[in-house]
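Secondary and tertiary structure notes
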Amino acid sequence: MSDPLPKTDRPTREEAEAAVRTMLRWAGEDPDREGLHDTPARVTRAYEEFFQGYEIDPKTLLERTFSEVEGYDEIVLLRDIRFESHCEHHLAPIIGRAHVAYLPRQRVVGISKLARVVDAYARRMQIQERLTAQIANTINDVLQPHGTAVIIESSHECMTTRGVHRPGVSMVTSQMLGTFRTNSDTRRELMAMLNRPAASEY
Ligand SMILES: [Zn+2]
């Protein structure tokens, strides 16, 4: 995916609010009605929040690593990372959970940083396949571990509230790199870790 547009190439806040007013009128509403008066400003601010990821360079989140790990070289797995994204086809929410694992090569990273990488890509206009690959590739490129695995399960509101109207459907994608891709024992070990009860259930 190309880099985010520079700020100087983007429309102004006023232009964005005017575009929302157009959509309100297009749907059949009167944007000057009292209840809708602040809606263009609110929608624009909501967009800032939904699409915050364009302001973050995910690679910088992983720059600080720790090497005093006493030779720890087994799987590190952060699972059930809840995320909110939006599909790039309908701008409808995608809500799901990501599981992120890597096999460290001498260095580990703070686990909250893995969740931040998920958010940095989720808070963009996405398709789930690319979201999965971007998270995996970034971790793999920056940490250069023996392997990286990202599994995402999510529900796409564009499928539940429009189009085929199929609630309860979840989409699962996975990207396996390095040892997770080449070694089926390592992959099996990861799956066994994923199937254990969550810590909150202990
Ligand atoms: Zn969609």
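Residues numbered from 1 in each chain as written. Predicted model: local features only at pLDDT ≥ 70, side-chain atom pairs only at ≥ 80, totals over all residues. Heavy atoms only, no water.

Structural notes on the domain arrangement of the protein
When the parts of a complex come together, some accessible area is lost, and that lost area is often taken as the interface size. Heads up, the condition is: Domain delimitation in this document rests on an assignment produced automatically or drawn from a domain database. Note on contacts: a residue pair qualifies if any of its non-hydrogen atoms lie within 4.5 Å across the two residues. In this description, buried area is defined as the sum, over both parts, of the accessible area (probe of 1.4 Å) that is lost when the two are combined.
Examined at the domain level, the protein breaks down into domain 1 (10–53) and domain 2 (65–197). Just the C-alpha atoms count here: the centres of domain 1 and domain 2 sit 32 Å apart. If you look at the interface, domain 1 gives six residues, while domain 2 gives six residues. When domain 1 packs against domain 2, the two sides together hide about 580 Å² of surface, and 60% of this comes from carbon and sulfur.

Thoughts on unusual backbone geometry
To keep things clear, this is the line we draw: Only protein chains enter the area calculation, which uses a 1.4 Å probe; residues under 20% of their type maximum are buried, those over 50% are exposed, and those in between are partly exposed. Secondary structure elements follow DSSP: runs of H or I no shorter than four residues count as helices, runs of E no shorter than two count as strands, and numbering proceeds from the N terminus.
The backbone of D80 sits at a positive phi, close to 60°, despite the residue not being glycine. On the accessibility criterion, D80 (30% relative accessible area) is partly exposed. Here Q144, not a glycine, exhibits a phi torsion of approximately 45°, which is positive. Looking at the element boundaries, Q144 is found in the loop between helix 5 (128–143) and strand 6 (147–156).

As for the nonpolar core
Our working rule: For our purposes a nonpolar core is just a set of buried Ala, Val, Leu, Ile, Met, Phe, Trp, Tyr and Cys residues, chained together by side-chain atoms within 4.5 Å.
Core analysis: the biggest nonpolar cluster contains 30 residues, and F83, V100, Y102, L114, I135 and I139 have the highest contact counts within it. With six residues, helix 4 (residues 111–122) is the single largest residue contributor to this core. Here F83 is in contact with I94, I95, G96, R97, A98, V118, D119, A122, L131, I152, E153 and S154, once residues within four sequence places are set aside. Membership of the second largest hydrophobic core comes to 10 residues, among which are I75, A101, I151 and L194.

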